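# Per-entry structural report
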Amino acid sequence: MDETEFWEHIDSAREAAEGDPEEQADLLVERLTQLDPDAVTVFARHFESRYNRAYQWDLWAAAWVLLDGASDDAFDSFRCWLIGQGREVFEGAAHDADALAELLEDFDEELDGEADDLGFAADEAYEQLTGTELPDLGLPDPPGEPEGVPLDLENDRALAARLPRLWERFRG
C-alpha cells in the first residue's frame, strides 16, 4: 500500500461516514479487514508516521483554540482526527497549523476534533484478521517533546499571536 492508497482509505471512510469520526473508524476497520495482514501493517505504519509528524507545538495550539483547551490525551485524539480529515487538511496543517482557518469548512466542538478510534482501526482490523496483535511497525521512537517552538497554551495572547487566522475565525 502506497501513500495514495492510504489516503484513499481514510477519505472513502470519512465520506461514507459523512464526517462522523466514530462511524469513520468503524468503516475503516471494515475496509481494512478486506485487505491482507501485511497491507494492514503498512496502513498502520502510514498512520503512525503521520500521527508522530503531527506532534507539533503549533498543532497543539490549534487543538487548544478549536477545542477551547486540549490536554495531552485530547491532543492525541486531535491528531487522529486531523489524519482522518484527509491528505489536504492534514498536510496543510502539518505545514502551517494556522492554515486550518481556511482548510476546515466548519468545526463542531462537540463532534469534531476527537477521533481516538481512528488511531486503533488498524490494530482492530489486524486482530480480527489474525487473532494476534499488530507487530512492531519498525518506526523510530516518537519525539519526547512536540516539534517546534514551545508555547504557553493557556496564554490567549500567545495563541492569538501564533495562530492569528485560526484565533480570529474560531475564538475572535
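Anything mentioned here points back to the structure above.
Residues numbered from 1 in each chain as written. Predicted model: local features only at pLDDT ≥ 70, side-chain atom pairs only at ≥ 80, totals over all residues. Heavy atoms only, no water.

Moving on, we get to the packing of aromatic side chains. All chains considered together, the criterion is met by nine aromatic pairs. A ring pair is formed by Trp 7 and Phe 90, whose centres lie 5.9 Å apart and whose planes are at 35°; its orientation type is tilted. Of the two residues, Trp 7 sits in helix H1 (residues 3-16) while Phe 90 sits in helix H6 (residues 87-95), which places them 83 residues apart along the sequence. For the residue pair Trp 7 and Phe 90, the accessibility class agrees, reading buried in each case. Chaining the aromatic ring pairs together yields one cluster made of Phe 6, Trp 7, Phe 43 and Phe 90. In this arrangement the basic side chain of Arg 79 is found over the ring face of Tyr 51, its NZ or CZ atom lying 3.8 Å from the centre. (Phe/Tyr/Trp six-rings, centres within 6.5 Å; stacked < 30°, edge-to-face > 60°. Helix = DSSP H or I, 4+ residues; strand = E, 2+ residues; numbered from the N terminus. Buried < 20%, exposed > 50% of the residue type's maximum accessible area, 1.4 Å probe, protein only. Lys NZ or Arg CZ within 6 Å of the ring centre and 35° of its normal.)

In this section: the pattern of salt bridges. The final tally for this structure, using the stated rule, is 11 salt bridges. Of the charged contacts, one joins Arg 50 and Glu 3 as a salt bridge, the two residues approaching to 3.0 Å between their closest N and O atoms. Note that Arg 50 is positioned in helix H3 (residues 37-53) and Glu 3 in helix H1, a separation of 47 residues in sequence. The partner of Glu 91 in a salt bridge is Arg 53, with the nearest N and O atoms 2.7 Å apart. With Glu 91 in helix H6 and Arg 53 in helix H3, this residue pair connects regions lying 38 residues apart in the sequence. (Salt bridge = Lys/Arg side-chain N within 4 Å of Asp/Glu carboxyl O.)

Take the environment of Phe 6 next. Tracing the sequence through the fold places Phe 6 in helix H1. Given a relative accessible area of 0%, Phe 6 falls into the buried group. Sequence separation of Phe 6 and Ala 39 is 33 residues, and the distance between their C-alpha atoms is 9.8 Å. Not counting chain neighbours up to four residues away, the residues in contact with Phe 6 comprise Met 1, Phe 43, His 46, Phe 47, Arg 50 and Ile 83. (Contact = heavy atoms within 4.5 Å.)

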